[in-house]
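# Tertiary structure, described
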Amino acid sequence: GRGQLGNGGTTSSSIPIQVPGLTGILAISGGIENTAALKNDGTVWDWGANQYGQLGNGGTTESWIPVQVIGLTGVSNIETGGRHMIALKNDNKVWTWGENYSGQLGTGTTTDSHVPVQITGL
């Protein structure tokens, strides 16, 4: 319904479908209304709903195809929260973005972030 399948549309599918254009995937993670993939080059690609910036591309427009998360490379692991994302980089630093109404981004505020922000003190 929000483009979570990454195939350019919003039609549900009862069978697996391939996400066009994505290759070399190491990990995937699905949230409430978005999906993310970690590529073997250390970049993160996100698609689906984006009302809180959970796609990490600097805006709030949803995308029905994968878009690269801005400024994030060298990632070794990803996880999707409700409407936010978490990435662990190869240097063991943690980055988050998206909805932050309860402080789930770990930034010390409740302000959403449309781009990845590094969590300090970990």
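What this report covers is the structure whose coordinates are included nearby.

Conventions adopted
- Residues numbered from 1 in each chain as written.
- Predicted model: local features only at pLDDT ≥ 70, side-chain atom pairs only at ≥ 80, totals over all residues.
- Heavy atoms only, no water.
- Helix = DSSP H or I, 4+ residues; strand = E, 2+ residues; numbered from the N terminus.
- Rg over C-alpha atoms; globule rule 2.2 N^0.38 Å.
- Buried < 20%, exposed > 50% of the residue type's maximum accessible area, 1.4 Å probe, protein only.
- Contact = heavy atoms within 4.5 Å.
- Polar contact = N/O pair within 3.5 Å; in protein donor to acceptor, adjacent residues only side chain to side chain.
- Salt bridge = Lys/Arg side-chain N within 4 Å of Asp/Glu carboxyl O.
- Pairing = 2+ DSSP bridges.
- Axes fitted to C-alpha atoms, helices over the stretch in contact; angles between N-to-C directions.

## Considerations on the overall build of the chain
When helices and strands are counted, the chain shows zero helices and eight strands. Sequence-ordered secondary structure for the chain, helices as α and strands as β, is β-β-β-β-β-β-β-β. Since a compact globule built from 122 residues should have a radius of gyration of about 14 Å, the 14 Å found for the chain is in line with a globular shape. Put simply, the chain has 122 residues, and 39% of those count as buried. Taking all contacts inside the chain whose residues are at least 6 apart in sequence as the whole, residues at least 24 apart take part in 38%.

## Re the side chain of Ser 29
As for its position among the elements, Ser 29 is in strand β1 (residues 25-30). A polar contact is formed between the side chain of Ser 29 and the side chain of Thr 80, at a distance of 2.8 Å. The contacts of Ser 29, once residues within four sequence positions are left out, are Asn 34, Thr 35, Ala 36, Ile 78, Glu 79 and Thr 80.

## Some details on unusual backbone geometry
Within the chain, Asn 92 stands out as a residue other than glycine whose phi angle is a positive 70°. As for its placement among the helices and strands, Asn 92 is situated in the loop between β6 (84-89) and β7 (94-98).

## Section: the pattern of salt bridges
For the structure shown, the criterion picks out one salt bridge. Note that Arg 83 and Glu 33 form a salt bridge whose closest N and O atoms lie 3.8 Å from each other. Placement of Arg 83 in the loop between β5 (75-80) and β6 and of Glu 33 in the loop between β1 and β2 (34-39) is noted, with a sequence separation of 50 residues between them. Since its relative accessible area comes to 17%, Glu 33 is described here as buried.

## Comments concerning the pairing of β2
Residues in a regular strand project their side chains so that they alternate between the two faces of the sheet. Most of β2 sits out of view: six of its six residues are buried. Neither face of β2 is open: one carries Asn 34, Ala 36 and Leu 38, the other Thr 35, Ala 37 and Lys 39, and all of them are buried. Both β1 and β2 contribute to a ladder of five bridges, which runs antiparallel. Residue Ala 27 lies in a different strand from β2, and its bridge partner there is Leu 38. The hairpin turn running from β1 into β2, its antiparallel successor, is three residues long. Relative to strand β3 (residues 44-48), β2 runs antiparallel, the two being bridged by five bridges.

## Regarding the environment of Gly 98
Among the structural elements, Gly 98 can be located in strand β7. Under the relative-accessibility criterion, Gly 98 is labelled buried at 0%. As a C-alpha pair, Gly 98 and His 84 span 14 residues in sequence and 4.2 Å in three-dimensional space.

## Points about the sheet that holds β3
Here four strands make up an open sheet; going across it, the order is β1-β2-β3-β4 and the pairing antiparallel. At either margin of the open sheet sits one strand with a lone partner, and together these are β1 and β4 (63-68). Taking each pair of neighbouring strands and ignoring which way they run, the sheet shows an average axis angle of 15°. Taken together, the three bridges between β3 and β4 define a ladder with antiparallel strand orientation. The residue of β4 that forms the bridge with Trp 45 is Gln 68.

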